[in-house]
Amino acid sequence: MEKPVFDFAMNSTRRHFLSRLSLGLGSAALGSLLVPDIFGKGGDEGGSGLIPGQPHFAPKAKRVIYLFQNGAPSQFELFDHKPLLNKMFGQDLPESVRGGQRLTGMTANQKNFPLAGSIFNFARYGASGAEISELLPYTSRIVDDICIIKSMHTDAINHDPALTFFQTGAQVGNRPSMGSWLSYGLGSENQNLPGFCVLLSRGLGNGQGVYSKLWTNGFLDSVHQGVQFSSGENPVLYLGDPEGMDRAERRRMLDKLAALNQGTYDEFGDPEIMAKIQQYEMAYRMQTAVPEVADMSKEPESVVKMYGPDCLVPGTYAANCLLARKLSEQGVRFVQLYHQGWDGHAALPKEIRGQCLDVDQASAALVTDLKQRGLLDETLVIWGGEFGRTNYCQGAFTQDNYGRDHHPRAFTIWMAGGGVKPGLVYGETDDFGYNIVSNPVHVHDLHATILNQLGLDHEKLTFKHQGRRYRLTDVSGKLVKGIIA
Amino acid sequence: MRRNLTYALLALMLGGLIMVILKKKITGARTGSGEVSYNYEVRPILSDKCFACHGPDANKREAGLRLDMAESAYAKLKDGKGFAIVPGDPEASEVYRRITSADPGYVMPTPESHLSTLNEDEILVLKKWITQGAKYEPHWAFTVPVQQPLPEVDNPDWIKNEIDRFTLSEMEGLGLSPNEEADRAQLLKRLSIDLTGLAPSLELQQKFLDDDSENAYEKVVDELMSQKAYGERMALHWLDVARFADSYGYQNDDARTQWAWRDWVIHAFNSNMPYDRFVTWQLAGDLLPDANKEHILATAFLRNHKITEEDGVIPEEYRVEYHLDKTRTFTSGLLGLTVECAQCHDHKYDPVSQEDYYRLFAFFNSSREKGFDGSAGSGPAKTPVLTISNTEVKNLFSFINAPDTSQIVVSVMGESETPPATHVLNRGVYDALGKVVTAGALPAVMKFDSLKYPKNRLGLAQWTVAKENPLTARVFVNQVWQEIFGQGLVKSTGDFGMQGDLPSHPALLDWLAVDFMNHGWNIKRLVKQLVVSATYRQSSKTTREKQEKDPENIYLSRGVRTRVPAELIRDIVLSTSGLLNPEIGGPSVKPYQPKGIWEATTANRGSLARYVQDTDGLLYRRGLYTFIKLTLPPPAMIIFDASNRDHCEVKRQRTNTPLQALVMLNDPTVLEASRVLAERMSTRTIPLDKQITELFRRIVCRNPTANEIELLTDYYHTELATFSKDRKKAQTVLNVGDHLHEAHYEVSRAAALMRTISTIYNMEETITKS
């Protein structure tokens, strides 16, 4: 391969060369020699000083697994224990607490806002003494490995804009997703797997759907797009060869194809043709690498036990957690899970029980598994939804049944590994759980902090598009220094 | 390994050098006498490095200093200590002192800005410019285009029309010479893709090769442009501009029926509607004095944006969002400007204030539509709605391809009788109401003369297509150029502002824009002008010398060579295999798609929770008719960089990825096309090399070389050997796609031929315009 690679390089200016590389050449030898992880790099036109595939400073984390709880889990039932809500059960939320917070169209016409305490019990766990609900027995055992942030807040109050904001730093859509930014900023560690993988699952609770704009590359090269895995026959779309085509036959076909394409290159001299040959080779390698990583059959009994039996059922949250660990272990930069069903507007207690059964064991297992493998230090795990839920009831209200509307002002997420302080509870809400009283963390702040843990300065990770330099954090975002180990 | 490293580093260094050399040459060519050009050399530096803090944005302006206008740049500094720019005297100019300083507390741009400091070349340019008097010029794109005299060239024999004078004179200036004309087969495929989006049929190939008349080329251009497929090809780009889709887009994402508007667009291009009228109807058809239903249908252009059906939203927030989208589509798609910045604050680079922005927004804010007009299941169009009866389809709208006799509904524009006041929205937030403004178009582009233009969308449309508007014609001509030559004369198709790319051939762009307007905004004439030029007809072969001098072919010394757009990949596969259903227009269709991907993402509300694949002829419609569900657009198209139609898009990316290889290898569309062709071919008794030649000509649209025939024959024989031993396997391989099997064919031969054909479909050249 030396000669064509040389010709190819000779035929290009530096930037053109680098950007072509990103779009395709993907040659392991050349890529890794030039700069680490050059595959997946887009040419930044903005001259931000970003060197392809190199962080701005020494990273704490190399990879991210984001366990997105789509629909917005209720912080009151899980992490943010507020006895006052039980004491004031059914009384109206004081206007002084609400402080003019805008309401969704679902409760805007409600005459009053009866406070609803959680019907679930809480206890303190671990050295940190963090309060965790009885719905999360497995999570309660890993509290000393995680950092619970009770003071998250966001700008949006409806699912679509809030999800889009969490994933792309903007509510409008068509901006690159967090995973795309990381793929762009850091490249890929594995030449045979996509750098940004998306895994979907769904619980029985009220669901809100997901949208491909959440894993879009926006204006970055489409090589940075999240690749949606599916639980069907093909883990990656179009991956499987048609029936009746074995590996040797595919190889034969690709060899002939390469010879034909080489002929076109000899005639036209267009470097894109050589890149095309390389892309077919990478596709061929992906065809082996992806099924291998998606194959759970070789996992030992102890692992299956840890994640729970569902982990052998493709498409479940547990199976996705295990797959996330395997992908991450193989160097996939960003694994994004979505578990749907958390939108508890009515019958919240019943629904949230089911959702917790889906996710509690596997989420905790993922953290423990990574820790046991010595990977937790370099893997940042994040668990949480797009906003929180109200402390008052929406709709029909009884002692043991209620619903909660969307609440952007305060909610809880947790993080683990990747240089985040373990065993910490960060931030606090008032006794009503309505407003943050200390250490607020805005979505932009969270993004800035995630990038920081991966060695990227959120103000420097830019891409110039249609005349403007864009960032994941738009024009704001502050490091949350208090959670950094 | 070491050798590789050395080569790679060497290549990088050489690349850097070449870049510098070419840049120098361009500078020389532009400025001749050594006079520095403000527009071409100075402003790009000032805009990129200084205007963020010292530009048009009044709120973010540091030290009260504004460097984008001569008056304020020459004025005494606010702190009283000297002058930012002293014309003629760089050493006395604070700007020059700051950009050359090594003191981090003094140097500009500041380290906090994360904008790197100026390099030596940039400093030199600014120094020369100040020395020469620091003359400011208006931004090129905001001045009315005028036709300069046609450039003289050394080699007039090469010239076929005016375009060539401009391109050749640039080439000659840079020491480049044009390629020879491409051979006929190559030219025909290029033309066919550009003018119809389809591969040329075997019959057309033969006809063109056999035509030795002098105007054979013009004849085939006319023939292709007269086909209905021309309208489909032209519509493709416009559907991106108009963010056309078949669903509402936000979370529940139910189906909508805007397709009748798509039928209108195809019809408009086929009937060669002048561009000024095309734009006017789409912006303000409903406000025309004699508005009929066709005029109103055209306004669906403004209503193709996403519409929420999420329960619990605050309607006003979304109503505002829809008009922001219209504003963005108008500015980006028609004016080639990126002005969203001014939604929240004064623009940092272009002279567009936040107030200007909301005055533009006001044109759309008087629309009758609602922020929330029902949740999922409430209907395929939203207020205001145009209804078209079956009788009207028959009489007025013969171009609409109605699937049945039911009424067609489309979301269109309509004015409110009691329009709300338009406010400047502080920080762009829908309920942070600032000052009240009235409608007016961007003054930096052209004055909106309210004596001449009504203060409504019709006035905006008239302002847009006025001959004095410096942008509209340039922007459209550039978009058409981009579709045909692979990249625009202005590469940043959506940004003609100060941060955008400068035109590679400014005089050519202006000449074409003026010519276009002077000839009645005649689109077919413009397209023909481009494709009959000698510039277009060049071979796309490249040499090391050309790659070194001009790797991106900005100076057009070779023909275009680019992978075709996503939809056309499908069209090529279907048309060359004979599977294509050539029907024009109608509702969108659902061809093969990987199982379960809609189902995995849906919220289970609305009619699009499950993907119900179409059958029979609907499986073989052209790519532009594929159903676009915004929350999960067709994956095979997205993988090939199709627009996701979320926003107005004027320029697609063009990437080369392993997922694209997987689609070509394994998509049932390609496999079925290979199978159907193979079965048809195997019923005929012609020698193998003839079969392969014919297949190759069908698919790649040229005669194969001896080497290609040998490779493919060889491959065929290997596969045949396998299938002869295992006929069951051959059956399995042929078992793909819904299309009926041929009655009589030999299974092993058909399977071997199918694989051979699939290999041809996977050739880089097959899906490349070359």
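Since this is a predicted model, take the numbers as computed values, not measurements. Along every chain, residues carry numbers that run from 1 in the direction the sequence is written. Chains carry letters from A onward and ligands carry numbers from 1 onward, assigned in written order. In view of the model being predicted, local features appear only for residues whose pLDDT reaches at least 70, and side-chain atom pairs are presented and counted only at 80 or more, with totals across whole chains, interfaces and linings using the full set of residues.

Observations concerning the overall build of chain A
A run of DSSP states H or I qualifies as a helix once it reaches four residues; a run of E qualifies as a strand once it reaches two. Both are numbered from the N-terminal end. Along its length, chain A carries 15 helices and 17 strands. The 485 residues of chain A split such that 62% are buried. Within chain A, counting contacts between residues at least 6 apart in sequence, those at least 24 apart form 75% of the total. Buried means a residue has 20 or more other C-beta atoms within 10 Å of its own C-beta, exposed means 12 or fewer, and partly exposed covers the counts in between; C-beta atoms are placed from the backbone. Placing a C-beta atom from the backbone of each residue, one calls two residues in contact when those atoms lie within 7 Å.

Quick look at the nonpolar core
As used here, a nonpolar core is made of buried Ala, Val, Leu, Ile, Met, Phe, Trp, Tyr and Cys residues. They are joined through C-beta atoms within 7 Å. Ranked by internal contacts, the top residues of the largest apolar core, which has 310 residues, are Cys147, Ile149, Val381 and Met415 of chain A together with Leu297 and Val477 of chain B. Counting residues per element, this core draws most heavily on helix α11 (residues 271-294) of chain A, at 11 residues. Domain segmentation is taken from an automatic or database assignment of domains. There are two domains that each give this core at least three residues, and those are domain 2 (233-464) and domain 3 (557-770) of chain B. Excluding anything up to four places from it in sequence, Val381 of chain A contacts Ile65, Leu67, Leu366, Val367, Met415, Ala416 and Gly417 of chain A. Counting 22 residues, the second largest nonpolar core, distinct from the first, contains Tyr38, Val95, Ile130 and Met498 of chain B.

Some details on the confidence of the model for chain B
As a note on interpretation, predicted positions should not be read in detail where pLDDT is low. All names here are of chain B. When pLDDT is averaged along chain B, the result is 93, and 96% of the positions lie at 70 or above. Confidence scores labelled pLDDT are given residue by residue by the predictor and lie between 0 and 100. Low confidence marks residues 1-33, where pLDDT is under 50. Its contacts with residues over four positions away, or in another chain, come to 35 contacts. Across the predicted assembly, pTM comes out at 0.86 and ipTM at 0.91.

A word on the interface of chain B and chain A
On the side of chain A, 79 residues touch chain B, which itself brings 85 residues to the contact. Mapped by element, the contributors of at least two residues to the side of chain B that touches chain A are α1 (2-31), α23 (544-549), α26 (658-666), α29 (706-725), α30 (727-734) and α31 (747-761) of chain B. The leading source of residues in the side of chain B that touches chain A is α1 of chain B, at 11 residues. The nonpolar class holds Ala, Val, Leu, Ile, Met, Phe, Trp, Tyr, Cys and Pro. Asp, Glu, Lys and Arg form the charged class, and all remaining residues, Gly among them, are polar. Taken together, the residues of the side of chain B that touches chain A break down into 31 nonpolar, 37 polar and 17 charged.

Things to note about the packing of helix α10 (residues 247-268) of chain A against α29 of chain B
An axis is simply a line fitted to the C-alpha atoms; with a helix, the fit covers only the stretch in contact. Between two such axes, the angle follows the N-to-C directions and lies from 0 to 180 degrees. In the contact formed by α10 of chain A and α29 of chain B, the axes pass within 10 Å of each other and the chain directions differ by 175°. With respect to α29 of chain B, the axis of α10 of chain A lies roughly antiparallel. The segment α10 of chain A lies against α29 of chain B, with Arg252, Lys256, Ala259, Leu260 and Gly263 of chain A engaging Asn707, Glu708, Leu711, Tyr715 and Thr718 of chain B. Of the residues belonging to the contact of α10 of chain A with α29 of chain B, the class tally is 4 nonpolar, 3 polar and 3 charged. Any angle between 65 and 115 degrees counts as roughly perpendicular, while under 35 counts as roughly parallel, over 145 as roughly antiparallel, and the rest as oblique.

A look at the environment of Phe83 of chain B
All names here are of chain B. The topology assignment puts Phe83 in the loop between α4 (70-74) and α5 (94-99). According to the C-beta neighbour criterion, Phe83 is partly exposed, with 16 such atoms within 10 Å. Taking the C-alpha atoms as reference, Phe83 lies 60 Å from Ala381; in sequence the two are 298 residues apart. Not counting the four nearest positions on each side in its chain, Phe83 is found in contact with Tyr74, Lys76, Leu77, Ser93 and Glu94.

Regarding the packing of helix α8 (residues 184-195) of chain B against helix α10 (residues 216-226) of chain B
Residues and elements named next belong to chain B. For the pair α8 and α10, the least separation of the axes is 9 Å and the interaxial angle reads 30°. Classed by the angle they form, the pair α8 and α10 counts as roughly parallel. The handedness of the crossing between α8 and α10 comes out as right-handed. The residues of α10 that touch α8, namely those facing Leu188, Leu191, Ser192 and Leu195, are Val220, Val221, Leu224 and Met225. Here a crossing is called left-handed whenever its near helix is offset anticlockwise from the far helix by less than a right angle, and right-handed whenever the offset is clockwise.

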